[in-house]
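What the coordinates show
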Amino acid sequence: MGNNVVPALRGVDTQIQPGEFVAIMGPSGSGKSTFMNMVGALDTPTSGRLEIAGRNIAELDSDQLSALRNQTLGFVFQQFMLLPRTNAVDNVQLPLMYTRMNAGEKDRRARAALERVGLAERMDHTPSQLSGGQQQRVAIARALVNDPSMILADEPTGALDTATAEDIMGLFTDLNREGVTIVLVTHEEEIAAHARRTIRFRDGRIIEDTAGSELRAETNT
Amino acid sequence: MKHGIDPAISTALVTDAALTEKPGLHLSASLTIALKAIRTNAVRSFLTMLGIIIGIGAAIVSVSISQGAGQQLQEQIQSFGTHVLQVRPGSSFFGGRSRGAGTARPLTDRDVQALGQMNDVIEAVSGRVSAQVTLVNAGSNWPTSVSGVGPDFARIENRDITAGRNFSPAEVRAGDKVAIIGTTIVDELFGGGDPIGAKIRIDRTPVTVIGVLAEEGASSWGQDQDDTVWMPLETVRTRIARTADSVPDDAGRVYIKVWDHLDVLDVQSEIENVLRVRRNIQPGADDDFALINFAEFIRARNQTESLLGFLLAAFSATSLIVGGIGIMNIMLVSVTERTREIGLRRAVGARQRDVLTQFLVEATVLGLLGGILGMAFGMGATYLAAGLGDFPVLISPWTLAGAVAIAIFIAVFFGYYPARRASRLDPIEALRYE
């Protein structure tokens, strides 16, 4: 008993290029979470090959994976995951705490990231003094602060009302236009519609990938 | 308009060097996090530290008391002299077979003379008969004690005579009415003026002051050693204590100063044998005198007193272990409460050792704060105990530094397991933790 291990993902073969805006969709248990964890260098495949920023994940140890996440990835979560009783600037600086960077540079970068998400006026506010949408903007600033190759957002609008969700998606769209690669998980079609490419999972396999159609659409316009 | 991200950077491949780059130790950042966490749960943190506070406090009290007792012991031994023995009439008062002072055969001048002939081992010997008296000088009264002693007594007591002179052997033999007085007596009867040659009355006996003892101050158990009068033994026993009425040559208690280069314990049995022969004690019979080695006596007494120190030390160790377990417990709670924060930190790039460091720093800060509070508590309790119980204490900076170091060690030792557990959390599980 217990020997029939069911892999969470099977036969997945895909690439995400710099500058893309990808929505990952699928019912729970479809493998989309596992896919996101791997793309986020938080999990490693039991077989197959996964490269992030040109590095084979299987060849990296725990510390190197940490460094890879720190230098190339930004994370945005459904529940914002901000440190309580900590102001926006300090929250945004969190990833920089694990880098060699002087305090002045950390502060400058954190403030620049907050300006970029439209929170220039809320730098010193703690999460409890901010609305849900503002908290998520702080979280996005935190994901941006280390100039990542890619931002991974896990249901980033799941805890927000529709209007605020639209604002946040507008921010993601703007960031993508400026060149930031974005991969987001959602189960709402309206949210996924903001992305330029959608990958659908079911039972551990990719059942739909709009990459080709989008390219065609772009050539046609 | 473009902010920040340069596509050339964001698409660049990550190099080996970048991945193995060691971020600078962010101890100050960890310290900030730790202080914030402790401040946020101030009451809980304080309760956690109580064990450490009490343990460190008790440790400081116990060490300070035992060091104070040790210092007092040294002072007592110094003040008696390590080479001074006392002989009392009657069997040893350690043995519990005392036949009572009245029945004991007194020590006499002949015993003192016999001991005086052992000048290869004995540097000085003197009998001593004491009496409580009232001194009178021109209307000033002063109650004190008088000791009738031989001319060598100053050498045994290791005291100098700063003004005037010591007794002459002739004065001692004749029982002249002369006295050497301490500085307290000088102050009380002469208002600090020159007493040499002055006549005072001791009870009803007129006496001439011939010398003043060098000031000694209070002994370590608080007795004023300058509140004393020395007179020739013969004078005291015939005119003041009047012990000569029953035993004309009563020498009272006999004080012996053994040569410094000899081992007192070796000489003790030799002295005992001489006295047994002198006093015709049959082989196998008990001594009818007691030979007391002050240094040994004080050491023995202090050993029983150090039981208190031992109990306090045991209490302190128990408290510290309980305090350590308290820290471990609260750190485990802290790790559990902050599981998602740990997951977040790991996701944004914290290595396992960064998380380990963070929680170890938090434990260290708890230990340090507990140690400092315990230090304050311990010092307060020590001085309070010293004031109430009237015993000497010695709080040395080493005790305090050692106590804080122990507090930190305990905190790190017991904080390591929770910190390691935090560092080993799977980031995915931790992020998902509710």
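It helps to recall that an α-helix has 3.6 residues per turn; residues three or four apart then point in one direction. Residues and elements named next belong to chain B. All of the buried residues in helix 8 (residues 183–190) are Thr-183, Ile-185, Val-186 and Leu-189. Looking straight down helix 8, one finds its buried side chains confined to an arc of 155 degrees; they lie on one side. Those residues of helix 8 that are buried lie in contact with strand 2 (122–137), strand 3 (140–149), strand 5 (178–181), strand 6 (199–202), strand 7 (205–213) and strand 8 (228–232). One or two residues past the end of helix 8 sits Gly-191, with phi positive at roughly 55 degrees.

All names here are of chain A. One open sheet holds the six strands; their spatial order is 4-5-6-1-7-8, and the pairing between them is mixed. Each edge of the open sheet is held by one strand with a lone partner, namely strand 4 (73–76) and strand 8 (205–209). Direction aside, the axes of adjacent strands within the sheet are offset by 20 degrees on average. Here five bridges tie strand 5 (residues 150–154) to strand 6 (residues 181–185), and the two strands are oriented parallel to one another. Bridge pairing in strand 6 links Ala-153 to Leu-184.

The next subject is the packing of helix 3 (residues 27–40) of chain B against helix 13 (residues 352–389) of chain B. Relative placement of two packed helices is described by the angle separating their axes and the distance separating the axes. All names here are of chain B. Helix 13 packs onto helix 3 with a crossing angle of 60 degrees between their chain directions and a minimal axis gap of 8 Å. With respect to helix 13, the axis of helix 3 lies oblique. In this structure, helix 3 crosses over helix 13, and the sense of that crossing is right-handed. Side by side, helix 3 and helix 13 meet where Leu-27, Ser-30, Leu-31, Ile-33, Ala-34, Leu-35, Ala-37 and Ile-38 of the first sit next to Thr-357, Gln-358, Val-361, Glu-362, Val-365 and Leu-366 of the second. Residue composition of the contact of helix 3 with helix 13, grouped by class: ten nonpolar, three polar and one charged.

Looking now at the confidence of the model for chain B. Residues and elements named next belong to chain B. Per-residue confidence for chain B averages 84 on the pLDDT scale, and 88% of its residues sit at or above 70. Model confidence for chain B, summarised as mean pLDDT per element, is weakest for helix 1 (residues 7–10) at 38 and strongest for helix 12 (residues 339–347) at 95. Every residue in residues 1–12 is under pLDDT 50, and counting partners more than four places away or in other chains gives 22 contacts. Throughout residues 94–102 the model reports pLDDT below 50, and contacts reaching past four residues in sequence, or to other chains, amount to eight contacts. This complex was scored by the predictor with a pTM of 0.70 and an ipTM of 0.92.

Another aspect to go through is the environment of Ile-210 of chain B. Residues and elements named next belong to chain B. As for its placement among the helices and strands, Ile-210 is situated in strand 7. Exposure remark for Ile-210: the 23 C-beta atoms within 10 Å place this residue in the buried category. In this structure, Ile-210 is in contact with Gly-164, Arg-165, Val-178, Ala-179, Ile-180 and Ile-196, ignoring residues within four places of it in sequence.

What follows is about the pairing of strand 5 of chain B. All names here are of chain B. The alternating pattern of strand 5 places Val-178 and Ile-180 and Ala-179 and Ile-181 on opposite faces, both of which are buried. Judged from the four bridges that link them, strand 5 and strand 7 form a sheet pairing that is parallel. From the neighbouring strand, Ala-179 faces strand 7, where its bridge partner is Val-209. In terms of strand pairing, strand 5 meets strand 8 through two bridges, oriented antiparallel. Opposite Ile-181, over in strand 8, you have Val-229 as the bridge partner.

The rules behind these values
Residues numbered from 1 in each chain as written. Chains lettered and ligands numbered in written order. Predicted model: local features only at pLDDT ≥ 70, side-chain atom pairs only at ≥ 80, totals over all residues. Buried ≥ 20, exposed ≤ 12 C-beta atoms within 10 Å, placed from the backbone. Helix = DSSP H or I, 4+ residues; strand = E, 2+ residues; numbered from the N terminus. Arc of directions from axis to C-beta. Contact = placed C-beta atoms within 7 Å. Pairing = 2+ DSSP bridges. Axes fitted to C-alpha atoms, helices over the stretch in contact; angles between N-to-C directions. Parallel < 35°, antiparallel > 145°, perpendicular 65-115°, else oblique. Left-handed = near helix turned anticlockwise from the far one by under 90°. Nonpolar A, V, L, I, M, F, W, Y, C, P; charged D, E, K, R; others polar. pLDDT = per-residue confidence, 0-100.

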